[in-house]
Amino acid sequence: MYILGIESSCDETAAAIVTEDRTILSNIVYSQINEHEFFGGVVPEVAARSHLEKIDVVVNNALLDARLDISDITAVAGTCGPGLIGGVIVGATFAKSISMAMNIPFIAANHLEAHALSIRLTDDVDFPYLLLLASGGHCQLCVVYSINHFEVIGKTIDDSIGESFDKVAKLLGWEYPGGPIIEKMSIHGNDRSFLLPHPLCSKDSCDFSFSGLKTAVRLAATKCQTERDKIDLCASFQRAVTDVLVYKINQAIKVCKTVKLSAVVISGGVAANKFIRIALQNACEPYGLRFLAPPVHLCTDNGVMIAWLGVEKFLAGQFNDLNFSPMPRWPLSS
Ligand code: KG4
Ligand code: ZN
């Protein structure tokens, strides 16, 4: 079985081919970062146009890398949301067109569900598991019971976590996306030099808030006089975010005490951050819980996770009509 996955919900045009025995035959990602860098963030119209220009060659390259012809593909999965609607329409329509032309099943992929299940491609992990989905558009904690059954137990009440990395980097004068540069600079900084707030950490809830932290960094940045100060502030920000995640993971594990969790998983672009991964790994140890994260290159958006979701849905016999409408907002189903 060869499943083609197509992703275009934000600023990566991506396609990949994955088999049911968890082999990644190809993984093509065209990143639009250079096109958005000047604006300090993703511009939806620029993103949609770029997806339209690149999707053809990206899908073709995925076939070439896998040494397959389009006629070899068993089914095609395309991201139908949530995301920037222009880009989602491009990818979803392309996937539907292949489905129609080749007479193969179409699977409407939920981008969040794809992040949530991608760990099952790279690791042996059974349901249910606790998931921290930490990306550019989301931050939520949920229990993954099965491919269609998620219980959200906490989510951000304002900014997403990746957004806070991007905004802090921007106000420190660094390029988009902020996460990788903040992680890199933090290595050289003193993460105890600025005392920053830990929003919602005195509460029992599993919800997050990052906008106050971002504002605190903005105020602290006005006091930075040297490059050294900036690097210390950046490290202090990364430490504060990590402390919040550790607090919330502990909270979530307590909330789930009646659920037989097989693991704690982090996924989404922010899961690429090694400082956060190590801290969460340490947090899970006292509970005897396995901590898992996808390989770093599969944390940020890619076609592999969409193709893998396609495999999971294909094996469950779950396909979609070609009139399935793309949705800019599409929460995880419960
Ligand atoms: O999952 P993703 O590729 O796109 C969405 O679904 O939103 O996540 C992108 C986000 C960006 O905000 C980026 O700054 C963040 O992931 N990110 C990181 C790192 N790499 C990417 N955040 C922290 N540390 C990183 N190493
Ligand atoms: Zn994503």
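Above this text you will find the structure in question.
Described below are features of the structure shown in this document. These numbers come from a predicted model, not from an experiment.

The next point concerns the sheet that holds strand β8 (residues 149–155). Strand order in the open sheet formed by five strands is β8-β7-β6-β9-β10, with mixed pairing between adjacent strands. Since the sheet does not close on itself, it has two edges, and those belong to β8 and β10 (291–292), each with one partner.

Another point: the site of ligand 1. Taken together, the neighbourhood of ligand 1 is formed by 20 residues, with Gly136, Asp166, Glu183, Gly269 and Asp301 sitting nearest. Here an oxygen atom of ligand 1 sits 2.8 Å away from a polar atom, N or O, in the main chain of glycine 136. In the environment of ligand 1, an oxygen atom lies 3.0 Å from a nitrogen or oxygen atom belonging to the backbone of glycine 269. No other element matches helix α7 (residues 178–186), which puts four residues into the shell around ligand 1. By residue class, the composition of the shell around ligand 1 is five nonpolar, twelve polar and three charged. Counting only domains with at least three residues in the shell around ligand 1, you end up with domain 1 (2–117 + 298–315) and domain 2 (126–293).

This part takes up the nonpolar core. With 52 residues, the main nonpolar core has Leu130, Leu132, Leu141, Ile161, Phe237 and Ile266 as its most contacted residues. Broken down by element, the residue count for this core peaks at eleven residues, all from helix α9 (residues 227–255). Judged by nonpolar contacts, the second largest core, of 33 residues, contains Val18, Tyr129, Ile147 and Val311.

The relative placement of two aromatic rings is captured by the distance of their centres and the angle of their planes. In the structure shown here, the tally under the stated rule is six aromatic pairs. Ring centres of phenylalanine 208 and phenylalanine 210 lie 5.9 Å apart, and the angle between their planes is 15°; this geometry places the pair in the stacked category. Summarising the aromatic geometry, the rings of phenylalanine 314 and phenylalanine 319 are spaced 5.3 Å apart at their centres and angled 65° between planes, so their arrangement reads as edge-to-face. Residue class for phenylalanine 319 comes out partly exposed when judged on its relative accessible area of 39%.

Time to look at the pattern of salt bridges. Inspection of every chain in the model, using the stated rule, returns eleven salt bridges. Note that glutamate 113 is salt-bridged to lysine 313, the shortest N-O span being 3.2 Å. Of this pair, glutamate 113 sits in helix α4 (residues 111–117) while lysine 313 sits in helix α11 (residues 303–315); the two residues are 200 residues apart in sequence, bridging distant segments of the chain. Judged by its relative accessible area of 6%, glutamate 113 is buried.

On to the sheet that holds strand β5 (residues 106–110). Across the sheet, which stays open at both edges, the five strands sit in the order β3-β2-β1-β4-β5 with mixed pairing between neighbours. Of all strands in the sheet, those with a lone pairing partner are β3 (24–31) and β5, marking the two edges. Shown here is a sheet whose adjacent strand axes are inclined to one another by a mean of 20°, direction ignored. Strand direction decides the pairing type here: strand β1 (residues 2–7) and strand β2 (residues 12–19), joined by six bridges, are antiparallel. Looking at the pairing, leucine 4 lines up with isoleucine 17 of β2. On the sheet, helix α2 (residues 44–66) packs against β1, β2 and β3 and is oriented at approximately 25° with respect to β2.

Conventions we followed
- For every chain, the first residue of its written sequence is number 1, and the numbers climb from 1 along that sequence.
- Think of it this way: whatever chain is written first is A, whatever ligand is written first is 1, and the rest follow in order.
- Predicted model: local features are reported for residues with pLDDT of at least 70 only, side-chain atom pairs are reported and counted for 80 or more only, and whole-chain, interface and lining totals are derived from all residues.
- Calculated side-chain values reflect all of the structure's heavy atoms, with hydrogen atoms and water omitted.
- Note: two strands are recorded as paired if DSSP finds a minimum of 2 bridges between them.
- In this text, helices come from DSSP runs of H or I with a minimum length of four residues, and strands from runs of E with a minimum of two, each type numbered from the N-terminal end.
- We define proximity as follows: a residue is near a molecule or strand when any one of its heavy atoms falls within 4 Å of that partner.
- Pairs of N or O atoms are called polar contacts if they sit within 3.5 Å, as long as, within protein, a hydrogen donor faces a hydrogen acceptor (for residues adjacent in sequence, only side-chain-to-side-chain pairs).
- Under the scheme applied, nonpolar residues are Ala, Val, Leu, Ile, Met, Phe, Trp, Tyr, Cys and Pro; charged residues are Asp, Glu, Lys and Arg; polar residues are all the others, including Gly.
- Where each domain starts and ends comes from a domain assignment, either automatic or drawn from a database.
- Note on terminology: a nonpolar core comprises buried Ala, Val, Leu, Ile, Met, Phe, Trp, Tyr and Cys residues joined through side-chain atoms within 4.5 Å.
- Throughout, exposure labels follow a simple rule: accessible area from a 1.4 Å probe, protein chains only, divided by the maximum for the residue type, with under 20% read as buried, over 50% as exposed, and the rest as partly exposed.
- Here a pair means two rings of Phe, Tyr or Trp (six-membered ring of Trp) with centres within 6.5 Å. Their orientation is stacked below 30 degrees between planes, edge-to-face above 60, and tilted elsewhere.
- For this analysis, a salt bridge means a side-chain nitrogen from Lys or Arg found within 4 Å of a carboxyl oxygen belonging to Asp or Glu.
- For every element, the axis is a line fit to its C-alpha atoms; helices are fit only across the contacting stretch, and the angle between N-to-C directions ranges from 0 to 180 degrees.
- What makes two residues a contact is simply this: any of their non-hydrogen atoms within 4.5 Å.

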